[in-house]
Amino acid sequence: VKAYCTRVGEGPFPTELELSEGSPGLHFSQVGAEYGTTTGRPRRCGWLDIPQMKYSALINGFTSINLTKIDVLTGIPELKLGKAYKYKGQALPSMPASLEVLSNVEVEYETLPGWTEDISTCKTFEELPENCQRYILRVQELLGIPIRWIGVGPNRHDVIDRGEGWDLSFSEKD
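Residues numbered from 1 in each chain as written. Predicted model: local features only at pLDDT ≥ 70, side-chain atom pairs only at ≥ 80, totals over all residues. Heavy atoms only, no water.

Here a ring pair, both rings aromatic, is described through the centre-centre distance and the interplanar angle of the planes. Tallied over the full model, the rule gives 3 aromatic pairs. With centroids separated by 4.6 Å and ring planes inclined at 15°, the aromatic side chains of tyrosine 4 and phenylalanine 28 adopt a geometry described as stacked. Note that tyrosine 4 is positioned in the segment before strand 1 (5-7) and phenylalanine 28 in helix 1 (residues 24-31), a separation of 24 residues in sequence. Look at tyrosine 4 and you get buried, because its relative accessible area is 2%. A relative accessible area of 0% means that phenylalanine 28 is categorised as buried. Three or more aromatic residues joined by ring pairs form one cluster here, namely Tyr4, Phe28 and Trp47. The positively charged end of arginine 162 is found above the aromatic ring belonging to phenylalanine 125, 4.5 Å away from the centroid. (Phe/Tyr/Trp six-rings, centres within 6.5 Å; stacked < 30°, edge-to-face > 60°. Helix = DSSP H or I, 4+ residues; strand = E, 2+ residues; numbered from the N terminus. Buried < 20%, exposed > 50% of the residue type's maximum accessible area, 1.4 Å probe, protein only. Lys NZ or Arg CZ within 6 Å of the ring centre and 35° of its normal.)

On to the sheet that holds strand 4 (residues 65-67). Taken together, 3 strands build an open sheet; the order of strands is 4-8-9 and the sheet is mixed. With partners counted over all chains shown, the strands left at the sheet margins are strand 4 and strand 9 (159-161), one partner each. Averaged over all pairs of adjacent strands, the angle between their axes in this sheet comes to 20°, without regard to strand direction. Relative to strand 9, strand 8 (residues 147-151) is paired through 3 bridges, and the arrangement is antiparallel. Paired with isoleucine 150 across the bridge in strand 9 is isoleucine 160. Lying on the sheet, helix 4 (residues 130-143) is in contact with strand 4 and strand 8; it crosses strand 8 at an angle near 140°. (Pairing = 2+ DSSP bridges. Axes fitted to C-alpha atoms, helices over the stretch in contact; angles between N-to-C directions. Contact = heavy atoms within 4.5 Å.)

Just distances and angles here, no functional claims.
Have a look at this one:
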């Protein structure tokens, strides 16, 4: 799973960002090389969508997650997580089955501080900048599923393996 969302084609994309100059969406597109393989067109990019990820985890039976492209978030001052949906003012308990409803949801965001440090040479979770660690731990907590592998660069071996057996709770460091 990418550390942000992408989509090709039409259809609802609740956390979609504009691909305008200086926007996080354009940053994701350019730094993450988010272009169609065949067409070369830019992919639609957006903030991480937790209700969508929870649904995917539910139907696929994930027991742990590989969070890729976390390095693409480097340099963005504030990061947002789309953590819940509302429809007509009412909180939705999960991702809606109706495309009509999904097209009209309001996303509840949580904002976390970003980081500027290069993470491409990090080999352990502890080497990651504190704000990067917080982002990963918060995603893990919201999903309720361990994030075992973390992609810190574009190459196959640019992955941190956290192993097994850690706490899923997110707590601020003192």
